[in-house]
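Secondary and tertiary structure notes
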Amino acid sequence: MGKWTDIATWKGNTRNHSSRNGTDVRGFVVHTANGNGDGVVNWLYNPDNKNTSATFVVMKSGKIYQCLDTSLKPWTTGNSNPWTISAECEGFFDEPFTAAQIAALGRILKKANQVYGVKIKHSKSDGISAHRQHMSTDCPGDERYAQMDDIVAAAKGGVTTIDGGIMLPDYGDKHKDVKYWQYMLDRLGYDLVIDGDYGAKTAAAVVKWHKDYLKEHKSTAKPTDGKSISHAIAVELQLDIVEKSLAGKLKGPKGDKGDAGRDGVATVTGKVTVDLQSGAVSG
Ligand SMILES: [Zn+2]
């Protein structure tokens, strides 16, 4: 049985499907429907549609419709259909997934991991992948393709965000929001290459910074092991930025900042704002 009613609204099997003929599911493929709202779902059930289907439809709101039992072969991804489940996502190639869509796709991936052992990683062969990795197509669009790692992070369950929706990364994560934290550590004097890769160097910088931070604040709390930017660490990092800015102790920005600071701004507890480039504090 593959009706995932704990995460999705069951719509009944669409006519377009076939048997997997015993092939095990080992992948989850993401698509963009190039359509808005319920029109996407309606097309899958339209009798004039004689050649496409999808296991799920994921709306911009984060709502998930299930249109095929996962045990059935969807008609979405050509030769990869026998061993994949699929999601058509509301919206268009030239727009990014909404945060709610990323969270919803993460829930599907997590469930696929629990049920079928699909790996929680970006992989064409045994994890989550994009339509373009299987066939000659732009689907799901460049912006959405750039968000595949965000979906993986969401499936890992640790996706909490801080003010402004900036993700709190774990060790091993590689995405643009890692740069935000690296840039902050760099401005605080913990020399880092701002590459968006939460590897050993970034983890070491987090540990070193936190030990100094606790010492400065005469805290006896246990220092972090650097394995993630937890919510508590994120708050302390941002507070430290405010304190160092006010004290004129922020190190000068260096080299290529890229999109390191997202909007170049750290908002602390929704009130105080620090311009990460200039160090100016307001609010
Ligand atoms: Zn597609």
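As a starting point, this report considers the structure included with it. (Residues numbered from 1 in each chain as written. Predicted model: local features only at pLDDT ≥ 70, side-chain atom pairs only at ≥ 80, totals over all residues.)

1. Description of the overall build of the protein
- Each helix and strand counted, the protein has 7 helices and 13 strands in total.
- Within the protein, the proportion of its 283 residues that are buried is 41%.
- For the protein, the share of sequence-separated contacts (at least 6 apart) that also reach a separation of at least 24 residues comes to 64%. (Helix = DSSP H or I, 4+ residues; strand = E, 2+ residues; numbered from the N terminus. Buried ≥ 20, exposed ≤ 12 C-beta atoms within 10 Å, placed from the backbone. Contact = placed C-beta atoms within 7 Å.)

2. Some words on the sheet that holds strand E1 (residues 9-10)
- Sheet architecture is open: 6 strands sit in the order E1-E5-E4-E7-E3-E8, paired in mixed fashion. Each edge of the open sheet is held by one strand with a lone partner, namely E1 and strand E8 (128-130).
- Here 3 bridges tie strand E4 (residues 56-58) to strand E5 (residues 64-66), and the two strands are oriented antiparallel to one another. Note that in E5 the partner of Phe-56 across the bridge is Gln-66. (Pairing = 2+ DSSP bridges.)

3. Section: the pairing of strand E12 (residues 272-275)
- In the sheet, E12 pairs with strand E13 (residues 281-282) via 2 bridges, with the strands oriented antiparallel. Following the sheet pairing, Thr-273 is matched in E13 by Ser-282.

4. Some words on the packing of helix H2 (residues 99-116) against helix H4 (residues 148-155)
- It is the contact of H2 with H4, at a shortest axis distance of 7 Å, that shows an interaxial angle of 60 degrees. As summarised for this structure, H2 and H4 are arranged oblique, according to the angle between their axes. Crossing hand, H2 versus H4: right-handed. In this structure, H2 contributes Ile-102, Ala-103, Leu-105, Gly-106, Leu-109, Lys-110 and Asn-113 to the contact, and H4 contributes Asp-150, Ile-151, Ala-154 and Ala-155.
- Looking at the contact of H2 with H4, its residues break down into 7 nonpolar, 2 polar and 2 charged. (Axes fitted to C-alpha atoms, helices over the stretch in contact; angles between N-to-C directions. Parallel < 35°, antiparallel > 145°, perpendicular 65-115°, else oblique. Left-handed = near helix turned anticlockwise from the far one by under 90°. Nonpolar A, V, L, I, M, F, W, Y, C, P; charged D, E, K, R; others polar.)

5. Some thoughts on the environment of Tyr-183
- Its place among the elements puts Tyr-183 in helix H5 (residues 176-187).
- C-alpha of Tyr-183 to C-alpha of Gln-277: the two residues are 94 residues apart in sequence and 9.5 Å apart in space.

6. A look at helix H1 (residues 37-45)
- Three or more residues of H1 are buried, namely Val-40, Val-41 and Leu-44. Projected down its long axis, H1 carries its buried residues within an arc of 90 degrees, all on one side. Residues of H1 that are exposed and point over 90 degrees away from its buried face: Gly-37, Asp-38, Gly-39 and Asn-42.
- Residues of H1 that are buried make contact with E4, E5 and strand E7 (84-89). (Arc of directions from axis to C-beta.)

7. Side note on the nonpolar core
- Among the nonpolar cores identified, the biggest contains 63 residues, and Phe-56, Val-57, Leu-105, Leu-109, Ile-151 and Met-184 are the most heavily contacted of them.
- Here this core spans two domains, since at least three of its residues come from each of domain 1 (9-159) and domain 2 (162-282).
- Once residues within four sequence positions are removed from consideration, Ile-151 is found in contact with Ile-102, Leu-105, Gly-106, Leu-109 and Ile-128. (Core = buried A, V, L, I, M, F, W, Y, C linked by C-beta atoms within 7 Å. Domains from an automatic or database assignment.)

8. Remarks on unusual backbone geometry
- Pro-140 follows Cys-139 through a cis peptide bond whose omega is 10 degrees.
- Position of Pro-140 relative to the elements: it lies in the loop between E8 and helix H3 (142-145).
- Positive phi is not limited to glycine here, since Lys-218 has a value of about 50 degrees.
- Mapped onto the fold, Lys-218 is located in the loop between helix H6 (200-216) and helix H7 (231-246).
- Accessibility expressed as a C-beta count within 10 Å gives 6 for Lys-218, which makes it exposed.

9. Focus: the pairing of E7
- Within E7, 6 of the 6 residues are buried, leaving the element largely enclosed by the surrounding structure.
- Residues Thr-84, Ser-86 and Glu-88 of E7 are buried on one face, and the alternating residues Ile-85, Ala-87 and Cys-89, pointing to the opposite face, are buried as well.
- Summarising the sheet, strand E3 (residues 27-32) and E7 pair through 6 bridges and their orientation is parallel. Each residue of the ladder has a partner; that of Val-29, found in E7, is Ser-86.
- Pairing of E4 with E7 involves 3 bridges; the strand directions are parallel. Paired with Val-58 across the two strands is Cys-89, which belongs to E7.

10. A short note on H4
- Of all 8 residues in H4, 7 are buried; the element is thus mostly enclosed.
- The set of residues buried in H4 consists of Met-148, Asp-150, Ile-151, Val-152, Ala-153, Ala-154 and Ala-155.
- For H4, the secondary structure elements touched by its buried residues are H2, E8, H3 and strand E10 (166-167).

11. Structural notes on the environment of Ile-128
- With respect to the helices and strands, the residue Ile-128 is situated in strand E8.
- In sequence terms Ile-128 and Ile-151 are 23 residues apart; their C-alpha atoms lie 8.7 Å from each other.
- In contact with Ile-128, not counting residues within four places along its chain, are Phe-28, Val-30, Leu-109, His-122, Met-148, Ile-151 and Val-152.

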